[in-house]
Amino acid sequence: MADIQALLSALSVFTRAPDKTSLENANSWLQDFQHSPEAWSTCNVLLLSPDAPPAAKLFAAQTFRSKVTYDLHQVDPSNLLPLRDTLVTALERYQSGPKTIITQLCLALSGLALQLPAWDNALQSIVETFGANPATVPVLLQFLTILPEEVSGNTRIPVTDDEYRERSTKLLSDNSEQVLELLSMYLQATGVTHAVQSQIFDCLRSWLVAGEIDMPAFGKSPLLAFAFEALASEELFDSAVDVVCEMIHETQEIDDNMPVIELIVPRVIALKSRLEDQKDDPEKIRGYAKIFAEAGETYRLLILQHTDTFYPIVEAIGQCSAYPDLDIVPITFPFWMRLAQTIGKKTTISPLFGEAYKVLMGVIIRHLHFPPDLTSMTGQEADNFRSFRHVMGDTLKDCCLVLGADACLLSAYGLITMALSRGPQSISWQEIEAPLFAMRSMGAEVDVMDNTAVPKIMDLIPSLPIHPRVRYAALLIISRYTEWINRHPEYIAYQLQYISAGFEDPDPEVSAAAGQALKYLCQDCKQHLIEFLPTLHTFLTTTGTKLAQDDRRQVYEAIAYVISAMSMEKAAESLRTFSLDILSQIHAVSSKSTAVTKQELKEVGYGLENLEVMLHVVGPFGDQLPAACQNSCQEAWSVFDTFISKFAFDYDTSERATRVLRHGITLFGQSALSVASSVLSRMVTSFEATGFSSFLWISGKFVGRFGHESDPVLRNAFQTLYERATNKVVSLLQSKDPRDIPDVLEDYVQLLLQLIRMAPDVFFQSSAFPLAFRATMAALTLIHSDLVFASLDLFRDILTHESLTPSSSPPPKFPIYSAAIKAVMDKEGFEFVGYMLSGLVGDFPEDSTAVVVTIFRAVALLWSTQLVAWLPPILQHLPPSSAPNQVKQQFLLDVTNSLNTAQYDKVKYSILALHRASRKARDRRRVTPLNQV
């Protein structure tokens, strides 16, 4: 009784407007209760109690379903059949509803039937109990609907593959014929209601989806004809559509099902006239579109082999594609795609298919038209339409596959020239823009050697009407056809003029399209554009200053592609020219004696972005720098050193500056060694002052690049960096929660990884090592995959270091490393193992288990005695919701046995078993959102 009162009290929390803590506590209590053995009897009492509140009865039914899935082992085998009887009795009690409880009880009975071989005639017994009384037939139909779904789909039910095959055959395959007869009988029963008929269709669909209906037998059943007849019923239409689609899908083995197909296809074709009759009812058209599309996809080989018979299906799908409701149109797209792919493999096809795809192309281009009044669309509707245009563009590519890209492009070209011939006063921009969009979509199918269609398009572009949407579409065509332009460089000058005009358009989308066009033109035609580089530089120093930053950055990227195509010496000179413009801007701001405005600093940030993108595209020059770059590294660093010392406190500026430095390492390579110590000193000083993670990030890149160098000044710089950065991180952790500084912790751990791998002498011998170990443990508490992986990698590198492996003649410093590691583990081991196991059963990423196993094995090997003492209190503190007590006890027993017998490899299996059990427990708690009871 106390359990029932506590349960009712917890459920009552959800009927109020509780605070978050009360809600979480009640939810946790209810889930823990569901796991308990006592829940069986308590829920039985609640379910059969007439006075229990509705929410309690539903929770009881949900609990039975959950416990049948997860906890059937808690029930003594002798009580399993009585449990079945309990559930059947409850189902009889609730035969008139509510439906939610009926559903949960049917799920529980289905799961029990799968796991209980002693229930030999499960389906027949339920039919006998509920099938004779018209009042209980809906309960039977609900059970028959749920049974194949639960048996086929609930992978959480713990049965072996052999057990599953045996029971699913017994429950489903052996009963499918009886189910067909039963459904046919109920369907034809006197006085059958639409509600029961709808249930019959839902049940039939469930068995069809499970693949348990023998289609030849189904063809002889009255269910096939009635499913098509039901399409004329308002109440049954949706259910009938689903059944018809599934029956068509189940006949995909053409040769085995021809007698059934011969019954289905005439009925499908007969529906074609309804597309016109019911054109004003979008929901009906949607249903018919699903049926025709399913028939088209399933029977596409028959459509090609017996075109005269099956072509009406293609025509019907074409009508659905032309329907004005754009939510319905995409239902047909998979058919057109698969048919085009199949046609592409044929040497000859009926001309009817060519005509179908010509019509389809015209239909799609009409659908591409923006509405006459763009303000009639909400922002979301406009975004959705733009996205859908790209989906329609894929269908245009299918048209190219059948008709040829040239024919499709010329068709779109003809639409534009026809519109232009009417004069500017009588055409809308939509008539020009839609075919342009189509040309862009079909660009992927164009042959770069084409001399028929594409030249006409390129000649057309300069004469298009001056309208922002038209210009935008034309610029994106240039972007798409740059590979073709590379083979036809005579068009480059004209395209550059058109792109330049695009930058001057006040519409920001047009300017952005111009930037994209220039970028791809320079990327794909870079060899041809070298002679235009002075023009591009002039453009950048004049018009470029007026561009929005996103567009300006694209121009710099475009120029970088051209530079990358030049000879090394000329490329270096050109890069220096463009870089000096930006470095001069940085130097001017750094040298300014008065306060720098926000706008000035923002402009410098833009310059850093532009320099970054240029360096990224141009890349390194190799081991031997060209003459133009010989002294550039020191010169550039002197500018950056002053700049960072003055503006490190601006977050965006520091981020951009360090990203440029990263590309500087790549560009200058070994030449950057001369400034490495100075860079590290500036970075750690800036990190101490600001706490910004970017300074740690770039420091890690320098250590990774030059960590093998033996220069004592540089080694000292590494040690100073390590110790000062660690002290700063420790200081931050004393004043902030780790969750507040995940970026700092991630870049710090990445720096430590570079140090342990490139400079272990610095890493292990410094007084910072114990502090670094402890700081990294804090990172394990965060739900942050990249950070957790990096931290685990670091701990693995520490605890599996070669210095810990016994050797008769170890390297001189290995004993020092080993002593440092052992000292840290002796002090921090208990807490460290606690973090590891807490993360393993908690929020560590799924793929991290292998690293955890490696770490745990290393701990077991070297600290076995301590581990035996550490585990009991650690396990006691792990929450039962993530690691049930029985699982923890088994884990402790298994690990202790492995350690006592020195079978350290077996620790792996203990960790994996704990991980599996914890995941199962946590997944279970996610299944039922109890706060929705």
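Residues numbered from 1 in each chain as written. Predicted model: local features only at pLDDT ≥ 70, side-chain atom pairs only at ≥ 80, totals over all residues. Heavy atoms only, no water.

### Here we look at the nonpolar core
- Judged by nonpolar contacts, the single largest core of 332 residues is most densely connected at Met-247, Ile-798, Phe-832 and Leu-837.
- Among the elements that make up this core, the one with the highest residue count is helix H44 (residues 814-840) (11 residues).
- Sequence-distant contacts of Met-247, defined by excluding residues within four places in its chain, comprise Leu-208, Met-215, Phe-218, Leu-224, Ala-227, Phe-228 and Ile-264. (Core = buried A, V, L, I, M, F, W, Y, C linked by side-chain atoms within 4.5 Å. Buried < 20%, exposed > 50% of the residue type's maximum accessible area, 1.4 Å probe, protein only. Helix = DSSP H or I, 4+ residues; strand = E, 2+ residues; numbered from the N terminus. Contact = heavy atoms within 4.5 Å.)

### What to know about the confidence of the model for the protein chain
- Residues with a pLDDT of 70 or more make up 99% of the protein chain, whose mean pLDDT is 92.
- Contacts for the low-pLDDT stretch residues 929-933, under 50 throughout, to residues beyond four places or in other chains number 12 contacts. (pLDDT = per-residue confidence, 0-100.)

### Some thoughts on the layout of surface pockets
- Computed from the structure, the largest pocket encloses a volume of approximately 520 Å³.
- Lining the largest pocket are 17 residues, and of these His-35, Asp-71, Pro-884, Val-887 and Arg-924 sit closest to its centre.
- Looking at the lining of the largest pocket, the elements that each hand over two or more residues are helix H2 (20-35), helix H47 (885-900) and helix H48 (907-927).
- Considering each element in turn, the lining of the largest pocket owes the most residues, five residues, to H48.
- Across the lining of the largest pocket, the residue classes tally to six nonpolar, six polar and five charged.
- In terms of lining, the second largest pocket is formed by 26 residues, of which the most central are Leu-583, Ser-632, Ala-636, Leu-667 and Phe-668. (1 Å grid on protein atoms, 1.4 Å probe; cavity = no way out; pocket = protein on both sides within 12 Å on 5 of 7 lines; lining within 4 Å. Points joined across faces, edges and corners; volume = space filled by probe spheres on them. Nonpolar A, V, L, I, M, F, W, Y, C, P; charged D, E, K, R; others polar.)

### Re the environment of Ile-331
- One can find Ile-331 in the loop between helix H19 (307-321) and helix H20 (333-344).
- A relative accessible area of 22% means that Ile-331 is categorised as partly exposed.
- Residues Ile-331 and Ser-321, spaced 10 residues apart in sequence, show a C-alpha to C-alpha distance of 8.1 Å.
- Contacts of Ile-331, omitting those with residues within four sequence positions, involve Arg-286, Ala-289, Lys-290 and Ala-293.

### Looking at the packing of aromatic side chains
- Across all of its chains, the model carries 27 aromatic pairs by this definition.
- Measuring from ring centre to ring centre gives 6.5 Å for Phe-769 and Phe-773, while their planes differ by 80 degrees; the resulting arrangement is edge-to-face. On the criterion of helical spacing, the pair formed by Phe-769 and Phe-773 is a turn pair, its members being four residues apart in helix H42 (residues 768-779).
- Phe-773 sits in the buried class, given a relative accessible area of 2%.
- Aromatic side chains Phe-773 and Phe-832 sit 5.6 Å apart centroid to centroid with 55 degrees between the ring planes, which places their arrangement in the tilted category. In this pair, Phe-773 is assigned in helix H42 and Phe-832 in helix H44, connecting sequence segments 59 residues apart.
- When its relative accessible area of 0% is taken as the criterion, Phe-832 is described as buried. (Phe/Tyr/Trp six-rings, centres within 6.5 Å; stacked < 30°, edge-to-face > 60°.)

### Examining helix H29 (residues 508-524)
- Taking 1.5 Å of rise per residue, the 17 residues of H29 would be expected to cover 24 Å, and the 24 Å separating its terminal C-alpha atoms lies within 8% of that figure.
- When we look at burial in H29, the residues that qualify are Val-510, Ser-511, Ala-513, Ala-514, Gly-515, Ala-517, Leu-518, Lys-519, Leu-521 and Cys-522.
- Where H29 is buried, its residues contact helix H26 (468-480), helix H27 (482-487), helix H28 (492-503), helix H30 (526-529), helix H31 (533-541) and helix H32 (549-564).
- Regarding H29, its N-cap is Asp-507, as a side-chain oxygen of that residue lies 2.8 Å from the backbone nitrogen of Glu-509 further along. (Expected span 1.5 Å × (residues − 1). Polar contact = N/O pair within 3.5 Å; in protein donor to acceptor, adjacent residues only side chain to side chain.)

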